[in-house]
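Coordinates in review
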Amino acid sequence: PTVSITANPNPVAYNTAANLKWTSTNTTACASNDFATGNARNNNTGVSTGNLTASKTYEITCTGPGGTASDSVTVGVLGKPAPPTITFTANPLNVLEGQNSNLTWSSTNTTSCTASVTSAYVPAGNTWSGSKSVVAGNHAQATAPLNQNTTFRLSCTGPGGTLAKSVTVTVTGAPATPTV
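Presented here is an overview of the structure given in this document. As the structure is a computational prediction, the values presented were derived from the model and not from experiment.

**Observations regarding the sheet that holds strand S4 (residues 43–48)**
Within the open sheet, the three strands sit side by side as S1-S2-S4. Their pairing is antiparallel. Among the strands making up the open sheet, the edge pair consists of strand S1 (2–8) and S4. The sheet shows a mean angle of 30° between the axes of neighbouring strands, taken without regard to direction. Note that S1 and strand S2 (residues 19–25) share seven bridges and pair antiparallel.

Right, here's the structure in full:
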């Protein structure tokens, strides 16, 4: 007997699948511990490896009246995408009641960023929540006037995962009015 197994594509992108196909001659059945063969001697449509995050070897053994034959294929995996990075700051970090702060952010390796206010207090007229730009470079947005300590959050997602950063702006009371 003879058997030949192939994988396509090979290598695969990180966390994607390859398709395994095999052909054999002079065999009655084929089996594998690595994937389901259905005892098929040939498979032209293929069997998925499932998503791979590391290289893996797939072996198939076929039997026939004349003995057994084995073949294997190693499916390589291209490098894991870089994780997202975020720079997220507020300036100033301390404001007087009724003042605002400027939020500045930049991100890399991201496809989407979402902003939210995570403190119990959400300022009236809040414009920070929702989708934010992932275009390269620094971005800035002023907060609404703040009356209490407020925590702002930015969460960004990309092929390499998700990352979130938070910044808290501290609010102090307005200075006392002078008296004469």
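**Section: the nonpolar core**
With 18 residues, the main nonpolar core has Leu 20, Trp 22, Phe 35, Tyr 58, Ile 60 and Val 75 as its most contacted residues. Elements represented by at least two residues in this core include exactly S1, S2, strand S5 (56–64) and strand S6 (67–75). When sequence neighbours within four positions are dropped, the list of residues in contact with Trp 22 reads Ser 4, Ile 5, Cys 30, Phe 35, Ala 36, Thr 37, Ala 40, Arg 41, Asn 42, Asn 43, Val 47 and Ile 60. With 17 residues, the next largest nonpolar core counts Trp 128, Leu 154, Val 167 and Val 171 among its residues.

**Structural notes on unusual backbone geometry**
Note that the residue after Asn 8, namely Pro 9, is joined by a cis bond; omega there is -5°. Mapped onto the fold, Pro 9 is located in the loop between S1 and S2. Of the consecutive residues Asn 10 and Pro 11, the connecting peptide bond is found in the cis state with omega at 5°. Unusually for a residue other than glycine, Asn 26 sits at a positive phi of about 55°.

**A short note on the state of the cysteines**
Throughout the structure, instances matching the rule amount to two disulfides. Paired through a disulfide, Cys 30 and Cys 62 show a sulfur-sulfur distance of 1.9 Å. Looking along the S-S bond of the Cys 30-Cys 62 disulfide, the torsion reads about 110°, which is the right-handed sense. Taken together, the residues span a long stretch of sequence, with Cys 30 in strand S3 (residues 29–31) and Cys 62 in strand S5 at a distance of 32 residues. The residues Cys 30 and Cys 62 share a single accessibility class, namely buried. The disulfide partner of Cys 113 is Cys 156, and the S-S distance across this bridge is 2.0 Å. Taking the sign of the S-S torsion, 110° for the link of Cys 113 and Cys 156, the bridge is right-handed. Pair noted here: Cys 113 is in strand S10 (residues 112–117) and Cys 156 is in strand S13 (residues 150–158), with a separation of 43 residues, a long-range link. Take Cys 113 and Cys 156: they sit in the same class, and that class is buried. The disulfide pattern of the protein is 1-2, 3-4 when the bonded cysteines are numbered in sequence order.

**What about the sheet that holds strand S12 (residues 139–142)?**
Whether parallel or antiparallel, the strands of a sheet pair through hydrogen bonds between backbone atoms. Sheet architecture is open: three strands sit in the order S7-S9-S12, paired in antiparallel fashion. Two strands bound the open sheet, and with one partner strand each, they are strand S7 (85–91) and S12. Ignoring strand direction, the axes of neighbouring strands in this sheet form an average angle of 20°. Across seven bridges, S7 lies against strand S9 (residues 102–108) in antiparallel orientation. By the bridge assignment, Thr 89 is partnered in S9 with Thr 104.

**What about the pairing of S9?**
One ladder, built from four bridges, connects S9 with S12; its direction is antiparallel. In the strand pairing of S12, Leu 103 is matched with Gln 141.

What counts as what
- Residues numbered from 1 in each chain as written.
- Predicted model: local features only at pLDDT ≥ 70, side-chain atom pairs only at ≥ 80, totals over all residues.
- Heavy atoms only, no water.
- Pairing = 2+ DSSP bridges.
- Helix = DSSP H or I, 4+ residues; strand = E, 2+ residues; numbered from the N terminus.
- Axes fitted to C-alpha atoms, helices over the stretch in contact; angles between N-to-C directions.
- Core = buried A, V, L, I, M, F, W, Y, C linked by side-chain atoms within 4.5 Å.
- Buried < 20%, exposed > 50% of the residue type's maximum accessible area, 1.4 Å probe, protein only.
- Contact = heavy atoms within 4.5 Å.
- Disulfide = S-S within 2.5 Å.

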